[in-house]
Amino acid sequence: MILSASRRTDIPSFYGEWFVNRLRDGYVLIPNPYNPRRLSRLRLSPETVDLIVFWSKNPAPMLPWLDAVSDLGYPFYFQYTLTPYGRDWEPGLPEVAQRLDTLLTLSRRLGQKRVVWRYDPIIIEERFSPAYHAEQFRRLCHRLEGAVDTCVISFADRYAHNRAVVPAMSVDNMRTTVRAFSEIAAQRHIRLTACCEEDWLADCGAEKSACIDPRRVEAILGCPVSGKKDSGQRPGCGCMESVDIGMYGTCLNGCRYCYATKSPAAARRNRERHDPASPLLAGWLQGDETVTERQAASCRNQQLSLLDS
């Protein structure tokens, strides 16, 4: 099983202690995103959790907990989002320079195959023109050459709750941006991939991405894995299947384009309910929930690994 922590919230930034407690206690309760009174209990052990994927825009608070994760027997890697928008669009995040230093620290500590850089989402508007993005991307690539081997890009999606702030973007501007990124990334020996985007981006130099890529998983684990495509993700997603233990409406980064947090006020209320000792990310069981066991199994193909050796 691949454990995703988390596409729904920034666990490394806000809930590192809770996460390590879940590993130590050997289970976590996951609310159904559409019915929070229905939960699944997921057993956690190094025998069933093959790899943890951390998704974060500010993993600095997680750094002191990483040794505990490793000591408990869990390999992991990071999907690290680093974009140049500043506090107007990302009010809860540290300055870009500080987050860049954190990415470099992670890479020195873990190695480049265990840190994937995400320039995601791309927003094109009057202030954030294709030329602006090209210049910012060039500066970041200059610093990140040798620290990462891949950059994942995608364009901002418009939802009912963010449509007023996320602009519609022309295909011409998108093509111009990706072509510039492709040229810059190649100069810095960084592979450019596109997450959940149209096929034509490949013609501009961004191949289709699988953020949870079986090839990267196998390289980290040192053995073959078998896993089907994740049917729970957006159309166009190439990721292998994972189990997400996060909860929507719990991230305090406050990014204006966010798909996972519709109400910053609700996120603050959920944060106030958080207890690092609880099996739930927000609050405790009240006694009227329905809890079902979720089955999980290793995706390592140990038989193939032995035959190949």
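The coordinates are above.
Description of the structure in this document. (Residues numbered from 1 in each chain as written. Predicted model: local features only at pLDDT ≥ 70, side-chain atom pairs only at ≥ 80, totals over all residues. Heavy atoms only, no water.)

1. A few points about the pairing of strand β1 (residues 2-5)
Working step 1: On β1, burial covers both faces: I2 and S4 on one face and L3 and A5 on the other are all buried.
Working step 2: One ladder, built from 4 bridges, connects β1 with strand β4 (residues 51-56); its direction is parallel. Bridge pairing in β4 links S4 to V53.
Working step 3: Pairing analysis gives 2 bridges linking β1 to strand β10 (residues 243-244), with the strands arranged parallel. Paired with L3 across the bridge in β10 is V243. (Buried < 20%, exposed > 50% of the residue type's maximum accessible area, 1.4 Å probe, protein only. Helix = DSSP H or I, 4+ residues; strand = E, 2+ residues; numbered from the N terminus. Pairing = 2+ DSSP bridges.)

2. Concerning the pairing of strand β3 (residues 35-43)
Working step 1: Summarising the sheet, strand β2 (residues 27-32) and β3 pair through 6 bridges and their orientation is antiparallel. Its bridge partner lying in β3, I30 is registered against S40.
Working step 2: Taken together, β2 and the strand that follows it, β3, pair antiparallel across an intervening segment of 2 residues.
Working step 3: In terms of strand pairing, β3 meets strand β11 (residues 290-294) through 5 bridges, oriented parallel. Paired with R41 across the bridge in β11 is E293.

3. Concerning the sheet that holds β10
Working step 1: Sheet architecture is open: 8 strands sit in the order β9-β8-β7-β6-β5-β4-β1-β10, paired in parallel fashion. Each edge of the open sheet is held by one strand with a lone partner, namely β9 (207-208) and β10.
Working step 2: Bridge count for strand β7 (residues 150-155) against strand β8 (residues 191-194) is 4 bridges, and the pairing is parallel. Across the sheet, the residue bridging to C151 is L192, located in β8.
Working step 3: Here helix α5 (residues 130-144) sits on the sheet and contacts β6 (115-122), β7 and β8; the angle it forms with β6, its principal contact strand, is near 170 degrees.
Working step 4: Packing against the sheet, helix α7 (residues 214-221) makes contact with β1, β4, β5 (76-81), β6, β7 and β8, and its axis sits at approximately 120 degrees to β4. (Contact = heavy atoms within 4.5 Å. Axes fitted to C-alpha atoms, helices over the stretch in contact; angles between N-to-C directions.)

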